[in-house]
Amino acid sequence: MALPQIEPDQLTDAEMDRMVENATIASNFLKAISHEGRLLILCYLASGEKSVTELERLLSARQAAVSQQLARLRLEGLVVPRREGKTIYYSLADDRPRRLIETVYDIFCKKDS
């Protein structure tokens with residue numbers, strides 16, 4: 001996909017405002033995933049719903065630390081919780097994190113063929 005050519009002097013005020021709004025949304029998204037624990041949580045959730053306990057085990061982290069990272073991801077709308085009795089499960093809220101993880105994998109994890 002080609003990026004659009006942006007000519008600031010040709011943008012309307014409304015287009016410029018929308019561009020600033022999109023930049024803010026993108027910046028908040030990138031800040032939310034910039035922590036390795038949050039990125040790992042998203043990687044684990046890309047394969048399906050996980051309980052907080054499962055995430056604690058996978059991350060080798062305490063419940064408080066995992067819950068803090070999940071709270072940030074929830075605040076940014078990247079994950080959604082589901083309660084079943086005393087257990088809370090998390091899943092990806094939409095396809096954005098999965099698409100990003102695929103891109104990160106392609107850039108940093110794939111071995112040269």
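Rules behind the numbers
- Residues numbered from 1 in each chain as written.
- Predicted model: local features only at pLDDT ≥ 70, side-chain atom pairs only at ≥ 80, totals over all residues.
- Heavy atoms only, no water.
- Helix = DSSP H or I, 4+ residues; strand = E, 2+ residues; numbered from the N terminus.
- Rg over C-alpha atoms; globule rule 2.2 N^0.38 Å.
- Buried < 20%, exposed > 50% of the residue type's maximum accessible area, 1.4 Å probe, protein only.
- Contact = heavy atoms within 4.5 Å.
- Areas by Shrake-Rupley, 256 points an atom, 1.4 Å probe, with all protein chains shown as cover.
- Lys, Arg positive; Asp, Glu negative; His and termini not counted.
- Charge placed at Lys NZ, Arg CZ, Asp CG, Glu CD.
- pLDDT = per-residue confidence, 0-100.
- Core = buried A, V, L, I, M, F, W, Y, C linked by side-chain atoms within 4.5 Å.
- 1 Å grid on protein atoms, 1.4 Å probe; cavity = no way out; pocket = protein on both sides within 12 Å on 5 of 7 lines; lining within 4 Å.
- Points joined across faces, edges and corners; volume = space filled by probe spheres on them.
- Nonpolar A, V, L, I, M, F, W, Y, C, P; charged D, E, K, R; others polar.

A. Representation of the overall build of the chain. From N to C terminus, the chain includes five helices and three strands. Along the chain, from the amino end to the carboxyl end, the secondary structure elements read α-α-β-α-α-β-β-α. In summary, the chain has a C-alpha radius of gyration of 17 Å against a globular reference of 13 Å for 113 residues, an excess of more than 25%. Overall, the chain is about 55 × 40 × 20 Å in size when its C-alpha atoms are taken along their principal axes. Residues classed as buried in the chain amount to 23% of the 113 residues present. Across the chain, the fraction of contacts at a sequence separation of at least 24, relative to all contacts at a separation of at least 6, is 46%. About 8300 Å² of surface is accessible on the chain, with carbon and sulfur atoms providing 54% of the total. In the chain, which carries 16 positive and 17 negative side-chain charges, the distance between the mean positions of the two groups comes to 12 Å.

B. Fine view of the confidence of the model for the chain. Confidence in the prediction for the chain averages 91 pLDDT; 96% of positions are at 70 or higher. Strand E1 (residues 50-51) holds the highest mean pLDDT among the elements of the chain, 98, whereas helix H5 (residues 96-109) holds the lowest, 88.

C. Region of the structure containing the nonpolar core. Core analysis: the largest hydrophobic core is formed by 18 residues, its most contacted members being Ile 41, Leu 42, Leu 45, Leu 70 and Leu 78. Mapped onto this core, the elements with two or more residues apiece are helix H1 (13-33), helix H2 (36-45), helix H3 (52-59), helix H4 (63-75), strand E3 (87-92) and H5. For Leu 78, the contacting residues outside a window of four places in its chain are Phe 29, Ala 32, Ile 33, Leu 42, Leu 73, Ser 91, Leu 92, Ala 93, Arg 96 and Pro 97.

D. Broad picture of the layout of surface pockets. Within this model, the largest pocket holds a volume of roughly 260 Å³. Ile 25, Ala 26, Phe 29, Leu 30, Arg 96, Arg 99, Leu 100 and Thr 103 together form the lining of the largest pocket. When contributions to the lining of the largest pocket are tallied by element, the ones reaching two or more residues are H1 and H5. Split by residue class, the lining of the largest pocket holds five nonpolar, one polar and two charged.

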